[in-house]
Number of protein chains: 2
Amino acid sequence: MLSTTPRTRLGREKQRAGTDRQDLYDVLDTGLFCHLGVVVDGCPMVVPTGYGRAGDTLYLHGSTGARSLRAAAGAEVCVTVTHVDGIVLARSVFHHSVNYRSAIIYGRPEPLTGEEERLEGLRALTEQLAPGQWDYARRPSPKELAATAVLALSLEEASVKIRRGPPQDDEADYELPVWAGVLPLRTAWGAPVPDPVLPEGIDVPVHISGRE
Amino acid sequence: MLSTTPRTRLGREKQRAGTDRQDLYDVLDTGLFCHLGVVVDGCPMVVPTGYGRAGDTLYLHGSTGARSLRAAAGAEVCVTVTHVDGIVLARSVFHHSVNYRSAIIYGRPEPLTGEEERLEGLRALTEQLAPGQWDYARRPSPKELAATAVLALSLEEASVKIRRGPPQDDEADYELPVWAGVLPLRTAWGAPVPDPVLPEGIDVPVHISGRE
């Protein structure tokens, strides 16, 4: 079950709350970027950031020089992952909506210092972005490891919100001669585009060309 | 030209900065959700939120009861819109990246109070989500207008960041027998799904079925 703290309890649209840990994992595991929110000089800052999940830990990483990651280390953050699945076209403008799945996580990410745990975090981050590449591409060198900040955020305080299905119109509006329904939005991988300087004879590996 | 204030000047990867207002408009006009960052009780909160652009104003809206919108009114916020265009597969794990376009806007959104300006904001919000629907669906009633908070945020303080193209690997790694390139990610509209209770004989309008 997911926790309900005052800030993860949905104030509105409670029927949209996901309640299982699996709902949370599903939203996180199909995402590529999260939006990392931090407070800098009293003001919010929201930055698209790579992430990876392993168990109940979310890993964040970036250059050791990145402002947002420096501000996130040990401080309260909010991490949000959102998928848009379609536009909900209602009979009234007021009831227009979006079908989506989103996860919001609150906590204090801790910088990882040990080499083994940092590598474990980078493995999760790489596999989230590009499954199969950790075992295929060159692994990080000690110098590269030192230049990368890896933070670990617990998934303890999290909420999931999901909207699915057709519009919910006002009773009277169902009489209107207005088309209503959902316009689905899908994402799909295109054909891999080789680096222009890639030598001939290096085939695209199946974990890239066959990605689902 | 876009402003450069201390917080919109890119600290890193300066070559990724968009410098034209048109870059900003392009990123905003092709998005459906923004991520709205506010500070609540000293902690960041990041919520996926509908938006619309008209000129150099970004409109945000939601229920008058929504925590994030209440916290945003007249306070410092950060609004981020991100498009993921592809995964950049490098020869080393370290140089893996994402092709993306993102816009970050800082400012203090002001609640709109006049009926005319509120309707103008809702028109921009509706047309961003579903072009053509403002003139097709039923317009907001006075009661619906009263239940909707509409905020206006100036686009004065904004930055754009764009990454395109192949991986940039370390010189020595170009010798490796590793495939490198970009796996493009595309979004596409599916076929419209009618509301199950839609009466027969109401056709899908072209502005929905023909959306690009």
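Everything below is about the structure shown above.
Residues numbered from 1 in each chain as written. Chains lettered and ligands numbered in written order. Predicted model: local features only at pLDDT ≥ 70, side-chain atom pairs only at ≥ 80, totals over all residues. Heavy atoms only, no water.

Caption draft 1: The overall build of chain A, seen in detail. Secondary structure summary: chain A contains five helices and 11 strands in total. Dimensions along the principal axes, computed over C-alpha positions, put chain A at roughly 65 × 50 × 35 Å. Summarising the internal contacts of chain A: among those between residues at least 6 apart in sequence, 72% fall at separations of at least 24. When the accessible surface of chain A is split by element, carbon and sulfur atoms take 52% of a total near 9,600 Å². On chain A, the mean spot of the 22 positive side-chain charges and the mean spot of the 28 negative ones are 4 Å from each other. (Helix = DSSP H or I, 4+ residues; strand = E, 2+ residues; numbered from the N terminus. Contact = heavy atoms within 4.5 Å. Areas by Shrake-Rupley, 256 points an atom, 1.4 Å probe, with all protein chains shown as cover. Lys, Arg positive; Asp, Glu negative; His and termini not counted. Charge placed at Lys NZ, Arg CZ, Asp CG, Glu CD.)

Caption draft 2: Structural context of the pairing of strand β9 (residues 157-163) of chain A. All names here are of chain A. Burial runs high along β9: six of the seven residues are buried. With two bridges connecting them, strand β1 (residues 17-18) and β9 associate as antiparallel partners. Within β9, the residue paired with Ala-17 across the bridge is Lys-161. (Buried < 20%, exposed > 50% of the residue type's maximum accessible area, 1.4 Å probe, protein only. Pairing = 2+ DSSP bridges.)

Caption draft 3: Highlighting the pattern of salt bridges. On inspection of all chains with the given rule, the structure shows 22 salt bridges over all chains. For Asp169(A), the salt bridge identified is with Arg91(A), shortest N-O distance 2.8 Å. Linking Asp169(A) in the loop between β9 and β10 (181-189) with Arg91(A) in the loop between β5 (77-89) and β6 (97-107), this pair joins segments that are 78 residues apart in sequence. Judged by its relative accessible area of 10%, Asp169(A) is buried. Overall, Arg91(A) belongs to the buried group, its relative accessible area being 0%. Overlapping salt bridges bring together Arg138(A), Glu144(A), Asp170(B) and Asp173(B) as one network. (Salt bridge = Lys/Arg side-chain N within 4 Å of Asp/Glu carboxyl O.)

Caption draft 4: A look at the interface of chain A and chain B. With 89 residues of chain A at the contact, the number on the chain B side is 89 residues. Buried area between chain A and chain B, both sides added, is near 7,300 Å², and the carbon and sulfur share of it is 69%. Put simply, chain A and chain B have six salt bridges between them. Ionic pairing is found between Arg138(B) and Asp173(A), a salt bridge with its closest N-O pair at 2.7 Å. Across the contact surface, chain A and chain B share 25 residue pairs in polar contact (both at pLDDT 80 or more). For the side of chain A that touches chain B, the secondary-structure elements that each account for two or more residues are β2 (33-40), β3 (43-54), β5, β6, α3 (115-129), β10 and β11 (193-194) of chain A. Broken down by element, the side of chain A that touches chain B gets its largest block of residues, nine residues, from β10(A). Among the residues forming the side of chain A that touches chain B, the class breakdown is 56 nonpolar, 18 polar and 15 charged. Where β10(A) lies against strand β10 (residues 181-189) of chain B, five bridges are found, and the strand directions are antiparallel. (Buried area = accessible area lost by both parts, 1.4 Å probe. Polar contact = N/O pair within 3.5 Å; in protein donor to acceptor, adjacent residues only side chain to side chain. Nonpolar A, V, L, I, M, F, W, Y, C, P; charged D, E, K, R; others polar.)

Caption draft 5: Quick look at the packing of aromatic side chains. For the structure shown, the criterion picks out two aromatic pairs over all chains. Judged by centre distance (5.7 Å) and plane angle (80°), the rings of Phe33(A) and Tyr100(B) are edge-to-face. With Phe33(A) in strand β2 and Tyr100(B) in strand β6 (residues 97-107), this residue pair bridges two chains. Assigned by exposure class, Phe33(A) and Tyr100(B) land together as buried. (Phe/Tyr/Trp six-rings, centres within 6.5 Å; stacked < 30°, edge-to-face > 60°.)

Caption draft 6: Inspection of the relation of the copies chain A and chain B at higher detail. Relative to chain B, chain A is turned by 180° and slid 0.0 Å along the rotation axis, the superposed coordinates differing by an RMSD of 0.0 Å. Here the transformation between the copies is reduced to the relation of a two-fold axis. Of the C-alpha atoms belonging to chain A, the one lying closest to the rotation axis is found on Thr187(A), 2.1 Å away. Most of the interface of chain A is mirrored in chain B: 100% of its interface residues are interface residues there too. (Least-squares fit on C-alpha atoms with pLDDT ≥ 70 in both.)

Caption draft 7: Representation of helix α1 (residues 21-29) of chain B in the model. Residue and element names in this part refer to chain B. Among the residues of α1, those classed as buried are Arg-21, Leu-24, Tyr-25, Val-27 and Leu-28. The buried side chains of α1 occupy one side of the element, clustering within an arc of 165° when seen end-on. Looking at the buried side of α1, the elements it contacts are β3 (43-54), β4 (57-63), β5 (77-89), β6, α3 (115-129) and β9 (157-163). (Arc of directions from axis to C-beta.)

Caption draft 8: Region of interest: the side chain of His96(B). Mapped onto the elements of the fold, His96(B) is located in the loop between β5 and β6. At a separation of 2.9 Å, a polar atom in the side chain of His96(B) contacts the main-chain carbonyl oxygen of Ser92(B). Every residue in contact with His96(B), bar those within four places of it in the chain, is listed here: Leu129(A), Ala130(A), Gln133(A), Ala137(A), Val88(B), Leu89(B) and Ala90(B).

Caption draft 9: Representation of the pairing of strand β2 (residues 33-40) of chain B within the structure. Residue and element names in this part refer to chain B. For β2, the tally of buried residues reaches six of eight residues, placing the bulk of the element in the interior. Where β2 hands over to β3, the hairpin turn is made up of two residues, of which Asp-41 adopts a positive phi near 55°. Sheet topology places β2 next to β5; three bridges connect them, and they run antiparallel. Counted as the bridge partner of His-35 is Thr-80 from β5.

Caption draft 10: Representation of the environment of Glu110(A) within the structure. All names here are of chain A. If you trace the backbone, Glu-110 turns up in strand β7 (residues 110-111). Spatially, the C-alpha atoms of Glu-110 and Leu-2 are 21 Å apart, while their sequence positions differ by 108 residues. Not counting the four nearest positions on each side in its chain, Glu-110 is found in contact with Gly-74, Val-150, Leu-151 and Ala-152.

Caption draft 11: Region of the structure containing the environment of Glu76(A). With respect to the element layout, Glu76(A) can be found in the loop between α2 (67-72) and β5. In this structure, the C-alpha to C-alpha distance between Glu76(A) and Val39(A), residues 37 residues apart in sequence, is 8.1 Å. Excluding residues within four positions of it along the chain, Glu76(A) makes contact with Arg7(A), Gly107(A), Arg108(A), Cys43(B) and Pro44(B). At 3.4 Å, the side chain of Glu76(A) forms a polar contact with the side chain of Arg108(A).

Coordinates in, geometry out; function isn't part of it.
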